[in-house]
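Descriptive structure summary
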Amino acid sequence: MRSTGFRRTFAAIGVCSLALTAAACGSSDDAASGKTRITVNCEPPKSAKVDRRFFEEDIASFEKRHQDIDVVAHDAFPCEDPKTFDAKLAGGQMEDVFYTYFTDVKHVVATGQAADLTPYVKELKSYGTLQQQLRDIYTVDGKIYGIPRTGYSMGLIYNRKLFQQAGLDPDRPPTTWEELRTDARKIAALGNGTVGYADYSAQNQGGWHFTAELYAQGGDVVSADGRKSTVDTPEAHAVLQNLHDMRWTDNSMGSKQLLVINDVQQMMGSGKLGMYLSAPDNIPILVKEKGGNYDDLAIAPMPGGKGTLIGGDGYMFSKKDSPAQIRAGLKWLDHMFLTPGKGFLGDYARAKKNDAPVGLPEPRLFTGAADAKDQQVKKANANVPVKNYQSFLDGNQSLQMKIEPPNAQQIYSVLDGTVSAVLTKKDADIDQLLEDAGGKIDAILARS
């Protein structure tokens, strides 16, 4: 599933029309000028004035440093539009350096449209500093096809003010699903339309959250080889039974269901929701767009202590790229995104000066000395209450980080129906729902 914060989803199918020739999206070395020209996407749209300015400033500083490289950025929203992505990919119309979600990688490689970066990646100065599990996502059959740019993990966002009002300790968020259920019931008891816990159940988002909750229970959606469904299990039953009991026995989830992310964010921002699952990048959205307050908002690790869902994005390269374009693209990634404390995502001093939030616990891209430097610069420029996120950072250390399943969107569509049935039908047969979902997922996997 796409990440949920603007800084990770802001841009790019761009000025390339599907009706144009492939050359209009990709590019070839500009021999006449003596420069290597590359097209890139995921530039913020003009409506995002500050991010757009940052992006353009960073490209300008890159071109000043590398006067033999010309970068042409394409913008639009979102960075990857599911409605056009496959058509562009099949038509060979991707930019020279193009944005992808983690879940795209194997599909892009299978289409034969991705360049093999293995011979060149040693020239990417930052590569060895990136988290291994994120690098592995872009490695297929031993070959490297892309570079991660950000990563996120799911946690539990909660309202500290409502915790206090309900007699709960805001510094001790729930660590088990049993504790979460108890806390949600106490928060809902405040009345006046207050909901203890909310969850998504439409537009594939319900299936996405079900997957995260299943990981938290120690379960999985598909088998390790990706060939069979594993949702008809005690762990999956526990997820649905918990949702059912919170909805119908405790009435801590409210009566309005079939919610999507905007609904839940609005509830949290207005101070009427105690808890919901999300990544840290939701927090600035809750403040800037939904009326929330940084001091009231905190994030804890996924309850259960077993696992959490991770996602994120990165860049892949067109198979049409020349060696010079690949080398130029890798240099651009280093400059823009992969230098601790600098670049589009890492210039925390610039972000603070422009009233952008600094100090959120993610993305956490680097390891070792690079991570230490990145965190040092972030801490020095923090303008949000970082203490509210410490339990998330601490708790994540012991969780298994698990990527989304193959054919994620198709599987999420199936599981949407499973979750929505439990939340809208008091007499829903959980065992039958899981059996039916398992059969449909097996059929999806058999076709892939």
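Please refer to the structure placed before this passage.
Every chain's residues receive numbers from 1 upward, in the order its sequence appears when written. The predicted origin of the model limits local features to residues at a pLDDT of at least 70 and limits the giving and counting of side-chain atom pairs to 80 or more, whereas totals for whole chains, interfaces and linings rest on all residues. With hydrogens and water stripped out, all remaining heavy atoms of the structure feed into the side-chain values.

1. Topic: the sheet that holds strand β10 (residues 297-301)
Rules: Pairing between strands is defined by DSSP: at least two bridges between the two strands are required. We count a stretch as a helix when DSSP gives it H or I for four or more residues in a row; a strand needs E for two or more, and each element gets its number in order from the N terminus. Axis angles are defined between N-to-C directions and span 0 to 180 degrees, where every axis is a line fitted to C-alpha atoms and, for a helix, only to the segment in contact. The criterion used for residue contact is that any of the two residues' heavy atoms lie within 4.5 Å.
Pairing is mixed in the open sheet, where four strands are placed in the order β8-β9-β7-β10. At either margin of the open sheet sits one strand with a lone partner, and together these are β8 (195-197) and β10. Neighbouring strand axes in the sheet, compared pairwise and without regard to direction, differ in orientation by 25 degrees on average. As judged from the four bridges shared by strand β7 (residues 155-159) and strand β9 (residues 273-278), these two strands associate in the antiparallel manner. Residue Ile-157 lies in a different strand from β9, and its bridge partner there is Tyr-276. Helix α8 (residues 177-188) contacts β7, β8 and β9 of the sheet and is inclined by roughly 175 degrees relative to β8.

2. A few points about the pattern of salt bridges
Pairing is possible between side chains that carry opposite charge, provided their charged atoms lie close to one another. As a reminder of what qualifies: We count a salt bridge whenever a side-chain nitrogen from Lys or Arg sits within 4 Å of a carboxyl oxygen from Asp or Glu. Burial classes: relative accessible area under 20% of the type maximum marks a residue as buried, over 50% as exposed, and values in between as partly exposed (1.4 Å probe, protein chains only).
All told, the structure shown has 17 salt bridges when counted by the stated rule. A salt bridge links Asp-313 to Arg-149; the nearest nitrogen and oxygen atoms lie 3.1 Å apart. Taken together, the residues Asp-313 in strand β11 (residues 307-317) and Arg-149 in strand β6 (residues 146-153) connect sequence positions 164 residues apart. Neither residue differs from the other here; Asp-313 and Arg-149 are each classed as buried. Between Asp-347 and Arg-350 there is a salt bridge, with its nearest N and O atoms 3.7 Å apart. A relative accessible area of 25% places Asp-347 in the partly exposed class. You can call Arg-350 buried: its relative accessible area is 12%. Put simply, Arg-53, Glu-57, Asp-58, Asp-347 and Arg-350 are held in one network by salt bridges that share partners.

3. Side note on helix α16 (residues 368-380)
Put simply, the rule is: Helix span, as expected, comes to 1.5 Å for every residue beyond the first. Comment: arc refers to directions from the helix axis out to C-beta atoms.
Its 13 residues place the ends of α16 19 Å apart at the C-alpha level, agreeing with the 18 Å of an ideal helix rising 1.5 Å per residue. For α16, the full list of buried residues reads Ala-370, Asp-371, Asp-374 and Lys-378. For α16, the arc enclosing every buried residue in end-on projection is 95 degrees, short of the 170-degree limit, so these residues lie on one face. Facing away from the buried side of α16 by more than 90 degrees, the exposed set consists of Gly-368, Ala-369, Gln-376, Lys-379 and Ala-380. For α16, the secondary structure elements touched by its buried residues are α15 (348-353).

4. Overview of the packing of aromatic side chains
The description of two aromatic rings rests on the distance between their centres and on the angle between their planes. Note the threshold: Each Phe, Tyr or Trp ring, with Trp reduced to its six-membered ring, pairs with another whose centre is within 6.5 Å; inter-plane angles below 30 degrees give stacked pairs, above 60 give edge-to-face pairs, and intermediate values give tilted ones. Cation placement over rings: the criterion is NZ of Lys or CZ of Arg within 6 Å of the ring centroid and within 35° of the ring normal.
Summed over the entire model, instances satisfying the criterion amount to 11 aromatic pairs. Centre to centre, the rings of Phe-337 and Phe-344 are 6.3 Å apart; their planes meet at 85 degrees, and the pair counts as edge-to-face. The structure contains a cluster of three or more aromatic residues connected by ring pairs, namely Phe-55, Tyr-99, Tyr-101, Tyr-315, Trp-332, Phe-337 and Phe-344. Just above the ring of Tyr-127 sits the side chain of Arg-135; from NZ or CZ to the centre is 5.1 Å. Directly above the aromatic system of Trp-248 lies the positively charged group of Arg-247, at a separation of 3.9 Å from the ring centroid.

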